[in-house]
Structures are given as C-alpha cells and as structure tokens.
Amino acid sequence: MRWRNGFAIGLLALFATPASGQTYVPRDIAPVIESIDPLTVADEDFARSRDPEAWEGLSVSRISFREGPVTWRLWRIANLRHRDGPLWVLPHDNENATFAAALIAVRSWGGVVIAVDSDPVAHSYAARFNTGAGAAPVDPNRNFYDALPLYAGTILADLGMPPRLIVALHTNEPGFDASLSSCPHPPYGGSGTISIKLCTARFHPRASVGRAWPFDDDDTLALVPYPVDGDPRGAFCARRLGGADFNIVFERVTTSDGSLSNYASLHGLRYVNLETAETGSTPVGLAGARNRLVAMIDRMMTLCGDGPTLALSPPAAHLATAGRH
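Note that the coordinates shown come from a computational prediction; the quantities given were computed from them, not determined experimentally.

Undergrad: Report on the packing of helix 3 (residues 97-109) against helix 7 (residues 283-304), specifying residues and quantitative values.
TA: Contact pair helix 3 / helix 7: the axes reach a minimum separation of 8 Å and the direction vectors enclose 35°. In the packing of helix 3 onto helix 7, the handedness of the crossing is right-handed. Facing helix 3, whose interface residues are Ala97, Thr98, Ala100, Ala101, Ile104, Ala105 and Trp109, helix 7 presents Leu286, Ala289, Arg290, Leu293, Val294, Ile297, Asp298, Met301 and Thr302. Of the residues assigned to the contact of helix 3 with helix 7, the class counts are twelve nonpolar, two polar and two charged.

Undergrad: Describe in detail unusual backbone geometry, supporting the description with residues and values.
TA: Here Met161 and Pro162 are connected by a cis peptide whose omega angle stands at -5°. By secondary structure assignment, the location of Pro162 is in the loop between helix 4 (149-155) and strand 8 (166-172). Residue Pro214 is reached from Trp213 by a cis peptide bond, and omega for that bond is 10°. As for its position among the elements, Pro214 is in the loop between strand 9 (203-206) and strand 10 (221-227). Phi angles above zero are rare outside glycine, and Cys237 is one such case at about 60°.

Undergrad: Provide a residue-level description of the pairing of strand 10, including the pertinent values.
TA: Within strand 10, six of the seven residues are buried, leaving the element largely enclosed by the surrounding structure. Relative to strand 11 (residues 248-253), strand 10 is paired through six bridges, and the arrangement is parallel. Paired with Tyr226 across the two strands is Arg252, which belongs to strand 11. On the question of chirality, the crossover connecting strand 10 to the parallel strand 11 by way of helix 5 (residues 238-243) is right-handed.

Undergrad: Please set out the sheet that holds strand 2 (residues 58-67) residue by residue, giving values where relevant.
TA: The mixed open sheet is built from ten strands, whose spatial order is 1-2-3-5-4-8-12-10-11-9. Two strands lie at the open edges of the sheet, namely strand 1 (32-35) and strand 9, each paired on one side alone. Neighbour-to-neighbour, the strand axes of this sheet turn through a mean angle of 25°, independent of strand direction. Sheet topology note: the strand 4 (residues 87-90)/strand 8 ladder contains three bridges and is parallel. Bridged to Trp88 within strand 8 is Val167. Packing of helix 7 onto the sheet brings it into contact with strand 4, strand 8, strand 10 and strand 12 (271-277), and relative to strand 12 it is tilted by some 150°.

Undergrad: Please set out the pattern of salt bridges residue by residue, giving values where relevant.
TA: The tally for this structure, following the rule as stated, stands at 15 salt bridges. Between Arg211 and Asp218 there is a salt bridge; the shortest N-O distance is 2.7 Å. You can call Arg211 partly exposed: its relative accessible area is 29%. Taking relative accessible area as the criterion, Asp218 reaches 7% and is therefore assigned buried.

Undergrad: Tell me about the pairing of strand 4, and name the residues and values.
TA: The two faces of strand 4 match: Leu87 and Val89 on one face and Trp88 and Leu90 on the other face are all buried. Of the strand pairs in this sheet, strand 4 and strand 5 (residues 112-116) are connected by four bridges, and their pairing is parallel. Counted as the bridge partner of Trp88 is Val113 from strand 5. For the segment spanning strand 4, helix 3 and strand 5, crossover handedness is right-handed.

Undergrad: Give a description of the packing of aromatic side chains that names residues and reports values.
TA: As enumerated under the stated definition, the model contains seven aromatic pairs in all. Arranged with centres 4.5 Å apart and planes meeting at 50°, the rings of Trp72 and Tyr151 form a pair that is tilted. Residue Trp72 is located in strand 3 (residues 70-79), and its partner Tyr151 is located in helix 4; the two are separated by 79 residues in the primary sequence. Here Trp72 matches Tyr151 in class, with each residue buried. Between Phe215 and Phe246 the ring centres are 4.7 Å apart and the planes differ by 45°, which places this aromatic pair in the tilted class.

What counts, and at which threshold
- Residues numbered from 1 in each chain as written.
- Predicted model: local features only at pLDDT ≥ 70, side-chain atom pairs only at ≥ 80, totals over all residues.
- Heavy atoms only, no water.
- Axes fitted to C-alpha atoms, helices over the stretch in contact; angles between N-to-C directions.
- Helix = DSSP H or I, 4+ residues; strand = E, 2+ residues; numbered from the N terminus.
- Left-handed = near helix turned anticlockwise from the far one by under 90°.
- Contact = heavy atoms within 4.5 Å.
- Nonpolar A, V, L, I, M, F, W, Y, C, P; charged D, E, K, R; others polar.
- Buried < 20%, exposed > 50% of the residue type's maximum accessible area, 1.4 Å probe, protein only.
- Pairing = 2+ DSSP bridges.
- Right-handed = clockwise from strand over helix to strand, strands pointing away.
- Salt bridge = Lys/Arg side-chain N within 4 Å of Asp/Glu carboxyl O.
- Phe/Tyr/Trp six-rings, centres within 6.5 Å; stacked < 30°, edge-to-face > 60°.

Here is the structure:
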C-alpha cells in the first residue's frame, strides 16, 4: 500500500495494538486523497480565508474514505516549510472559530491540520455530526476506537515516529449543567459540559488565580487527560500550564468514550485540548473565539512545544481584527 504524503506509514503504525503487539491492516482499503485549491473550494471555512497570503507555503488536500456505513471527509493542511510541529485536530465542523485559529497555528508553529468536513455550510448544530445514507448521525469526537482503525488511523496518520504532539481545538457551549457538578457551590449553570467550574468524577478543574485574559472566561481552558491509575500532575505539560496560570481541566480516563482525548491517553500519546466558548458565526463572534484560542496556542507552544521554535508574529497582530473580546 503506497500513498502520497507518507500517509501509509502513519496509518500502519496506528493499526498496531499495544496490548497484543500485532498489526491489523484492512485489505483493499485506501482513502482517496486529492489536492485542492483553497482559494476556490466551496466551503464556508475556506470562504472566510480567501487571502492568498494566508495559504502561502501550505499544501491542502481533501481525504475521503468509508468505514462501515459512514463516509468521512477530511481536510488536510500541511506546512511545507516547517513540517515539524503538532498535529492540529478539529473534530467538529460547526465549531467555526477553530478553523481560523488552526490556520494561524499551522503557519506559526508548523505541522499538519486535520479537520473533519461535515457540511460546506456549518452553521447548525447538525453540522457537528457526520451523516450518511442509512447511517445514524455520528459524533466525530466519539468515533476513536481500535475497532474502527481506518478512522483513527487516517486522522492520526501524520503522527510520525516518535509521535508528534496532538493539539485538539474546540469551542463549547457556554456554562454547564450545574446538576452534574460536585463542586461545593456550583455557580450559574448553562448548557455545556466543559467548564473550569464543573467538578465530576471525570473532570477535575484547576482555575486560573489571576483570571487574566483569555482565562477571565470559565469556558476558556486547556484540557489534559491522564490515566485512571496516574497522577494528574504527570499529564502532558500540566505543571508548566499550571505555572503559567492557565485554566486547566484534568480528565481522568477510565474506559474510552470514543473521544480523541481518551484515545490518546490509552495509547500513550501526548495530547492537549484547547477550547473556548462558542460565540457564534458573526465576524465579531468568530474573531473573539479565534483570538482566545490563538492566545492559548501561542502560550502553550512556547511552554511545551515539541518542535523547533518558529518565527511567531506578535500576539497583537493576531488580535487586531476585532480586539480581544
């Protein structure tokens, strides 16, 4: 099996199961990979980024494959000048600010972006899921299982050896369901399930002390997983993020719920999830969420980046479009 851009090596590596040491490779399966022009592709995320300078030095491909009843479509954006760097993963197509942040991140820090493509126009909550003929809607961030090796293997095919850092980018619903929290005095509620104020058997928060922007918002945080028998302080970059006064949520991983964070923890991969509150798809709303994500990305990579330090634009340049908020 010989694929372009080195996908085959990464995919075969991901099919190796740590428990058995054996490798399972489905026969007669190969994702279809096609190069695209990001200035002309009919997709809302790309339409917001038509500036040719934004794509200089980047290679863009569309990947499609079928596993079981579901057909998947992914965007792959690679920095050709700085191939080292994280694997930036965007599981949800309706979280539109993540695409803008990832485009800045891959230019600044190198590496590869993999973004799930669910719908060319991703405004609605339905665009969060992948659907197909006769298939129930699938949450792309609940599909990472060893029993679905083509999905996980294709998304993580660029990990390399040794595996590079995985950085997932998300926006989330503001607030949280206070009935889920075991914190002594849960504050106002909301509709989300990720917040620095939410305490459960699975999620253990450590709030920023200074509450300096971007961590003045309860839903802007770094999430790092750790194994059920491990120490949360041993999670990737945990001590440095804490020292930098991040909002941090430690995720205790027992059995997998199909999320990338759980998959990464159970496979011994370095992973951090950076997320902020969803603020809508207006230019101001997108810019606000993007700017918070980029601020976290730049700070996290300065503290914990595993590749060569690249020339970063000053943070103020990222924030010029609409200000911080």
